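# Overview (structure and organization)
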Amino acid sequence: MKSWGNFPSLKNQKLVSTKSCNFSDKAKHLAIGLSRSYGDVCLNEDGVLLSNSENSKFISFDAQTGILKAESGVTISEIIKVFLPKGWFPPVVPGTKFVTLGGAIANDIHGKNHHISGTFGNHVKSFALKKSTGEEVICSEKNNKEMFSATISGLGLTGVIVWAEIQLKKVKSSHIDMKSIKFKNLDEFFSLSEAHDKNFEYTVAWLDCVSSGKNFGRGIYMAGNHSENKTNLKASFIEKIPNVLRTVPFFFPSFILNKYTIRIFNALYYNKQFSREINVPIGIDPFFFPLDAVFNWNKIYGKNGFFQFQCVVPESKSKECMKELLKIAVDSGQASFLAVIKKFGNKKSPGLLSFPRRGTTICMDFPNAGKDSVSLMKKLEEVTMNADGALYPAKDALMSELSFKKCFPNWSKFKKYIDPVFSSSFWRRVSGE
Amino acid sequence: MANKSIKKVVCFGATSKIAYETLKKFANDHVEFYLVGRNEEKLSEIKNDLEVRSGKVVKIGICDFSDLNKVQALVGKVKSEFSNFDTCLVCHGFLGEQEKAESDVRYANEIMNINFNSYFILLTEIANYFEEKQSGNICVISSVAGDRGRKSNYVYGTAKGAVSIFCQGLRNRLFDKGVNVLTIKPGFVSTPMTAHLKQGALFVSAETVAKGIYNAILSGKDEVYLPSFWRLIMMLIKGIPEFIFKKLSI
Ligand SMILES: Cc1cc2nc3c(=O)[nH]c(=O)nc-3n(C[C@H](O)[C@H](O)[C@H](O)COP(=O)(O)OP(=O)(O)OC[C@H]3O[C@@H](n4cnc5c(N)ncnc54)[C@H](O)[C@@H]3O)c2cc1C
Ligand SMILES: NC(=O)c1ccc[n+]([C@@H]2O[C@H](COP(=O)([O-])OP(=O)(O)OC[C@H]3O[C@@H](n4cnc5c(N)ncnc54)[C@H](OP(=O)(O)O)[C@@H]3O)[C@@H](O)[C@H]2O)c1
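Read on for an overview of the structure.

What counts and how
Residues numbered from 1 in each chain as written. Chains lettered and ligands numbered in written order. Predicted model: local features only at pLDDT ≥ 70, side-chain atom pairs only at ≥ 80, totals over all residues. Heavy atoms only, no water. Helix = DSSP H or I, 4+ residues; strand = E, 2+ residues; numbered from the N terminus. Rg over C-alpha atoms; globule rule 2.2 N^0.38 Å. Contact = heavy atoms within 4.5 Å. Areas by Shrake-Rupley, 256 points an atom, 1.4 Å probe, with all protein chains shown as cover. Lys, Arg positive; Asp, Glu negative; His and termini not counted. Charge placed at Lys NZ, Arg CZ, Asp CG, Glu CD. Buried < 20%, exposed > 50% of the residue type's maximum accessible area, 1.4 Å probe, protein only. Polar contact = N/O pair within 3.5 Å; in protein donor to acceptor, adjacent residues only side chain to side chain. Near = heavy atom within 4 Å. Nonpolar A, V, L, I, M, F, W, Y, C, P; charged D, E, K, R; others polar. Pairing = 2+ DSSP bridges. Axes fitted to C-alpha atoms, helices over the stretch in contact; angles between N-to-C directions.

A separate point is the overall build of chain A. Along its length, chain A carries 12 helices and 18 strands. A compact globule built from 433 residues should have a C-alpha radius of gyration of about 22 Å, and chain A, at 21 Å, falls within 12% of that. For the C-alpha atoms alone, the extent of chain A along its principal axes is close to 60 × 50 × 45 Å. Pairs at least 24 residues apart make up 76% of the contacts formed inside chain A by residues separated by at least 6 positions. Only carbon and sulfur atoms are counted for the fraction: they give 56% of the accessible area of chain A, which is about 18300 Å². Within chain A, one finds 58 positive and 39 negative side-chain charges whose respective centroids are separated by 3 Å.

Printed below as a string of structure tokens:
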């Protein structure tokens, strides 16, 4: 069992189905979803991983209120497949649709609509939490409120989420009206965000993170709203390709991804859009989940895996800090394919350890080339800490105990809600326990 | 053949993994369901799930298929509570342990009852119902194991073989009565039934098989192997002369 980043590589993890687990094993337990987290929040060395793939049925749906009750192994993909045709959409979606309800709650995930809708946890009405004692605790804003807050963003440590009730959002069509604007540098990004974020439910920007000099900080700002009109969009080019051809059959040898290929990719991406601004209708998949078009793209980084760096930095320090982080990435030459930047809003999540907070978030990938990559990640971490920012546990494999405790000052309050039989490799690394 | 219009599906053995995956596909088309199985709790979980997906009310009926006395009455109940259903899916199954079946006749009989005799009763009733209506789709899950007897599972294989032959007869009888009879012959599928076996390269997911079943029902097929390469494998296996086959252990 590995996480999405294929790093770290841990031993002795036993996979057991949640339904059949009675916690008789002395080892520490951890519930998992589809392991779409990058680092070690979904890993548990020398422990038991509780799979929820058999725990993935819908329970009920109220078409008046839009409240869906489903088992925790249900995926965002399945929710979209079943509910979009009925005119409903998940309240928050991440950059891949292959995540479970349990994972979405435990990492309190955010999406392109954070500035309007907050995190996933903002839309969770209630859930049942199975404790190692066998007891099932129903948690909501009203009942067991503390356990509710601790479990949303609780990294799976409070028990197993068995089912949850979430609020779906009504939509009129199955596509997005997208505005896409090229920008030449980060200052331009910040002005675009300032000007347009308020008019669009979904916003995000892609950043070129190899170019220096006059192209430093260039990118494409993308914003969208659920369209009010129904039109039938043709399947995009990539959707017509059969699934087998969209699967990476093996780990790529590491030489395939290098400075040059990544430079070409970044240049092609920036130049795919000819005019400065375009306005087009676009499907749900290409807008929200472009990476899902290739099912296991993580394998192109080779067997050693890769790191993802994601942080958020407060508004007041955003501009300076984003430039500095990007500069470190560009200068390192350890080019990254995917870098995105977005301004978070100030809607507060009920989650105790929730990552999103007002400010700017940036997210970059780096192939794991050993020592150099680790020191690059450490440098990025340091800059973030100096700017009073925070790192995202769902994407992290390296942050120090000190950084964790600084990023999440509620950690000590959180600790008392941990189920004694539960733990994760991430938690042992950052809690110092 | 043009795609059929399917509105009301009754499924026997609805808690089977293959059945559930298939029913999910029909739920997308807002079909109504009547689910039959022995485990009420599991059935109601599937009922809830399919109700959310289809937006329609789902009915359930409880029956243990090893108790043959109850099967006929059950079909009567389905007919009265679920009038005018147009499609019937029969999915329950019990692999059993071959060795035990060799020494314990009652046990072997149970394997035969669940896998064949209950099918025989159900299908006779359903066939007559559809024949009278002059329309309907019957889909039955048999197995490649029924294509040739092998020492490793011939009791189960006998039952499945009987199901296949019974369905051939029904098909022949009903083809000009507007009733389609479809026999599904899956190879190895990853489901609770095979969870104890080593999952080799020939194993496919229940979802893959479900897709094949769904398409075969809609297009009015007679007999399909799933995945389709099993047709070729079984042709080869059936082609081996008995005097050689008896010496093999496959
Ligand atoms: C391409 C890609 C894009 C992404 N984009 C975003 C993004 O835009 N925004 C964002 O926030 N994240 C993003 N992510 C990260 C991803 O959304 C989170 O890591 C998510 O939590 C993964 O869900 P999962 O079901 O795979 O859970 P896992 O990764 O398996 O587990 C995640 C955590 O949830 C816990 N958990 C899982 N199920 C349960 C349960 N039933 N009960 C209790 N705890 C449970 C685990 O213990 C673990 O701590 C992205 C990931 C990928 C691969
Ligand atoms: N898996 C394979 O490799 C494979 C290959 C070829 C053919 N098949 C056939 O496919 C069909 C579906 O099986 P599956 O693979 O989906 O396995 P499964 O999930 O284990 O389903 C078996 C089903 O049979 C039901 N059942 C068993 N004994 C019963 C009884 N006495 N009364 C009522 N119901 C009973 C089970 O009910 P409970 O849920 O209550 O236990 C379950 O719903 C079966 O006919 C099987 O023979 C399977």
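Still more to cover.
Right, let's talk about the side chain of B:R148 for a bit. All names here are of chain B. Along the chain, R148 turns up in the loop between β5 (136–141) and α6 (154–174). Look at R148 and you get buried, because its relative accessible area is 13%. Polar side-chain contacts of R148 include one of 2.6 Å to the backbone oxygen of I240. A distance of 2.5 Å separates polar atoms of two side chains, one belonging to R148 and the other to E242. Filtering out sequence-adjacent residues up to four positions away, R148 remains in contact with I237, K238, G239, I240, P241, E242 and F245.

The next subject is the site of ligand 2. All names here are of chain B. If you check the shell around ligand 2, you find 30 residues, and the closest are T15, K42, Y156, V189 and T191. Between ligand 2 and D64 there is a distance of 2.9 Å, counted from a nitrogen atom to a side-chain nitrogen or oxygen. Within the side chain of Y156, an N or O atom sits 2.6 Å from an oxygen atom of ligand 2. If ligand 2 stood free it would expose 890 Å²; the protein chains cover 93% of that surface. Among the elements of the structure, α1 (17–27), α5 (105–133) and α6 are those that each provide at least two residues to the shell around ligand 2. Here the shell around ligand 2 is built from residues that sort into 13 nonpolar, 12 polar and five charged.

Moving on, we come to the sheet that holds strand β18 (residues 390–391) of chain A. Residue and element names in this part refer to chain A. The strand order β14-β11-β13-β12-β16-β17-β15-β18 describes an open sheet built from eight strands, whose pairing is antiparallel. Edge positions in the open sheet fall to β14 (277–283) and β18, since each of these has one partner strand only. Lying over the sheet, helix α5 (residues 186–196) contacts β11 (175–183), β12 (202–207), β13 (219–226), β16 (339–344) and β17 (359–367), oriented at roughly 145 degrees with respect to β11. Running at roughly 5 degrees to strand β15 (residues 306–313), helix α9 (residues 371–386) makes contact with β15, β17 and β18 of the sheet.

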